[in-house]
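This is what each chain is made of:
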Amino acid sequence: MARIRTVFRCAECGATEPKWTGRCGGCEAWGTLVEEVDSPSAALTVLAPSTAPIPIVDVDPTEFSPRPTGVPELDRVLGGGLVPGSVTLVGGEPGIGKSTVLLQAAAEAASSGRKVLYLSGEESPQQIRLRAERLGALHPRLWLAAEVALPHVVGAIDHVQPDLVIVDSIQTLLDPDLSSAPGSVGQVRHCSHRLVQEAKRRGCAIFLVGHVTKDGSLAGPRVLEHVVDTVLAFEGDRHHALRLLRVVKHRFGSTQELGLFEMTDTGLKGVPDPSGLFLADRRIGIPGSVVVPTIEGHRPLLVELQVLVAGSPLPSPRRSATGIDHGRLSLLLAVLEQRVGVRTSDVDVYALAVGGVKVVEPGVDLALGLAVVSSLTGTALPGDLVASGEVGLGGELRQVAHTARRLSEAARLGFRRAVVPVSAPDAPPGIEILRVASLADAVDQLGLSDP
Ligand code: TYD
Ligand code: MG
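Read on for an overview of the structure.

Calculation notes
- Residues numbered from 1 in each chain as written.
- Chains lettered and ligands numbered in written order.
- Predicted model: local features only at pLDDT ≥ 70, side-chain atom pairs only at ≥ 80, totals over all residues.
- Heavy atoms only, no water.
- Helix = DSSP H or I, 4+ residues; strand = E, 2+ residues; numbered from the N terminus.
- Contact = heavy atoms within 4.5 Å.
- Areas by Shrake-Rupley, 256 points an atom, 1.4 Å probe, with all protein chains shown as cover.
- Lys, Arg positive; Asp, Glu negative; His and termini not counted.
- Charge placed at Lys NZ, Arg CZ, Asp CG, Glu CD.
- Buried < 20%, exposed > 50% of the residue type's maximum accessible area, 1.4 Å probe, protein only.
- Core = buried A, V, L, I, M, F, W, Y, C linked by side-chain atoms within 4.5 Å.
- Polar contact = N/O pair within 3.5 Å; in protein donor to acceptor, adjacent residues only side chain to side chain.
- Phe/Tyr/Trp six-rings, centres within 6.5 Å; stacked < 30°, edge-to-face > 60°.
- Near = heavy atom within 4 Å.
- Pairing = 2+ DSSP bridges.
- Axes fitted to C-alpha atoms, helices over the stretch in contact; angles between N-to-C directions.
- Parallel < 35°, antiparallel > 145°, perpendicular 65-115°, else oblique.
- Left-handed = near helix turned anticlockwise from the far one by under 90°.
- Nonpolar A, V, L, I, M, F, W, Y, C, P; charged D, E, K, R; others polar.

Let's shift gears to the overall build of the protein chain. In terms of helices and strands, the protein chain carries ten helices and 21 strands. Principal axes of the C-alpha set define a box for the protein chain whose edges measure 80 × 55 × 50 Å. In the protein chain, once contacts between residues fewer than 6 apart in sequence are set aside, the share between residues at least 24 apart is 66%. Working note: accessible area of the protein chain is about 20500 Å², and carbon and sulfur atoms make up 55% of it. On the protein chain, the mean spot of the 43 positive side-chain charges and the mean spot of the 50 negative ones are 2 Å from each other.

Attention now moves to helix 9 (residues 403–412). Taken residue by residue, helix 9 has Thr-403, Arg-406, Leu-407, Glu-409, Ala-410 and Ala-411 as its buried positions. Buried residues belonging to helix 9 abut strand 13 (289–296), strand 14 (299–311), strand 17 (385–387), strand 20 (417–421) and strand 21 (432–436). Immediately beyond the C-terminal end of helix 9, within one or two residues, lies Gly-414, with a positive phi of roughly 95 degrees.

Counting 46 residues, the largest nonpolar core has Val-303, Leu-305, Val-307, Leu-366, Leu-368, Leu-370 and Val-419 as the members making the most contacts within it. Looking at this core element by element, the count peaks at seven residues for helix 8 (residues 365–377). Those residues within four positions of Leu-366 in sequence are excluded, and the remaining contacts are Ala-387, Ser-388, Gly-389, Val-391, Leu-397, Val-419, Leu-439 and Ala-442. With 33 residues, the next largest nonpolar core counts Val-71, Leu-103, Ala-106 and Phe-207 among its residues.

This paragraph deals with the side chain of Ser-192. Position of Ser-192 relative to the elements: it lies in helix 6 (residues 185–202). Take Ser-192: its relative accessible area is 0%, and that puts it in the buried class. A distance of 2.3 Å separates a polar atom in the side chain of Ser-192 from the backbone oxygen of Val-188. Among residues more than four places away in sequence, those in contact with Ser-192 are Ile-170, Leu-208, Leu-224 and Val-227.

Considering all chains together, one arrives at one aromatic pair under this definition. With centroids separated by 5.9 Å and ring planes inclined at 90 degrees, the aromatic side chains of Phe-234 and Phe-261 adopt a geometry described as edge-to-face. Of this pair, Phe-234 sits in strand 9 (residues 230–236) while Phe-261 sits in strand 11 (residues 258–264); the two residues are 27 residues apart in sequence, bridging distant segments of the chain. By relative accessible area, Phe-234 is classed as buried at 3%.

Right, let's get into the site of ligand 1. Every one of the 16 residues lining ligand 1 counts as a neighbour, but Gly-95, Lys-98, Ser-99, Thr-100 and Thr-264 are closest to it. Within the backbone of Gly-97, an N or O atom sits 3.0 Å from an oxygen atom of ligand 1. In this structure, Asp-265 approaches ligand 1 through a main-chain N or O atom, which is 3.1 Å from an oxygen atom. For ligand 1, whose accessible area on its own is 560 Å², the fraction buried by protein is 74%.

Once that is clear, we can look at the sheet that holds strand 10 (residues 242–250). A sheet is described by the order of its strands in space; here nine strands give the open sequence 6-5-7-8-4-9-10-11-12, paired in mixed fashion. Of all strands in the sheet, those with a lone pairing partner are strand 6 (142–145) and strand 12 (267–270), marking the two edges. Averaged over neighbouring strand pairs, the angle between their axes works out to 25 degrees when direction is ignored. With five bridges connecting them, strand 5 (residues 116–120) and strand 7 (residues 164–168) associate as parallel partners. Across the sheet, residue Val-116 finds its bridge partner in strand 7, namely Leu-164. Here helix 6 sits on the sheet in contact with strand 4 (87–92), strand 7 and strand 8 (205–211), set at roughly 160 degrees to strand 8.

Take the packing of helix 3 (residues 98–111) against helix 4 (residues 125–135) next. At a minimum axis distance of 11 Å, the contact between helix 3 and helix 4 shows a crossing angle of 70 degrees. With respect to each other, helix 3 and helix 4 are oriented roughly perpendicular. Between helix 3 and helix 4 lies a crossing of right-handed hand. Contacts between helix 3 and helix 4 involve Ser-99, Thr-100, Leu-103 and Gln-104 from the former and Ile-128, Arg-131, Ala-132 and Leu-135 from the latter. Split by residue class, the contact of helix 3 with helix 4 holds four nonpolar, three polar and one charged.

Rendered as structure tokens:
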């Protein structure tokens, strides 16, 4: 077969070059050239035959109803399961558990009667079998192949005729027609386009694994977000067992859902009731500790925030935030100084969300502010207290969404008092609320102002 002609197109201005160069000849931007197939008609021939337009009411909706994968937390995030013909990208840092969760999903799908093909460019079939044994995921309808070349991958799909395909990972795939290296933007984009066409044509669902770099960018895969139907992000701290599966984009449902897993010796286990998960080892009566009721997706989650302030030998004291937004911590320290009269300019401030979870919503402001003052004054807050509210630059407090649900969950877990903004709705049964207008007001009313 004749080799397909490729060109290098600038991602900024669209100019093309026959060869890769560091700088675009059109707009003179650096490093923007990406290889692609020159004549798109070659790619078009694998598409399904074009269909005549039909009235919207005549479209069969059941054809695309989701089918459960059999991993409940994954199905929750996908809004019930995988839609046939859909392509789902699962992104995450190396070692977070992408291969594990997809192998578990593959085995569950196989045992519910579907044929599954697991294509790996990273591990040999022997390694995958060993892992599957550990996970209890051995099933005769689960097929393996170690392939990296796109034509072989398509050949394997032809051979097995699976209902579900897992490609681990998109960065190892390579179309020999393109001269770029595997993992380059050109290869990643081209290979995934081709796989999307295969999925639509055959009506099989495809999972693509995409590695993400430490700074959070889906290195190659970022360029794929608009190509695939669904993008899931697998997050967590490798040193903690908790893993969060978030929806970044979903063509077939809500992006609000969140899946929670715990990494164990026998794979990932779903965590259906996570609320109290982070509070298990909490010690009451320590200054600097405040519990905040957060909402992740649709799920309430109670998280303990801890702050430690310590005298600093440094001219510009250290601010460390783990699981909390660094910018929000700085902002709160500024608000504390200007609006509450609490100075932290000569102390180091260490703040963290316990349990390896990330809480980035503004609803944690009040709790974080109180934790700083509590640590600074050495006064512990009551153990049965939660705090929820966003702090404005004037030190004023604002209510955050779903306050009632947050407080009900706190009440369910045994908390009896909540500090909330003045505008907050009435308390659910079992919890008493303390309404405060500002951060300064909260500090006063909780007796933190005089150490
Ligand atoms: P893996 O799924 O290979 O990560 P990824 O595909 O995202 O790179 O998971 C790797 C980590 O998970 C590895 O460090 C070991 C750990 N792990 C367990 O703790 N228990 C298990 O049962 C398995 C399979 C992996
Ligand atoms: Mg892997």
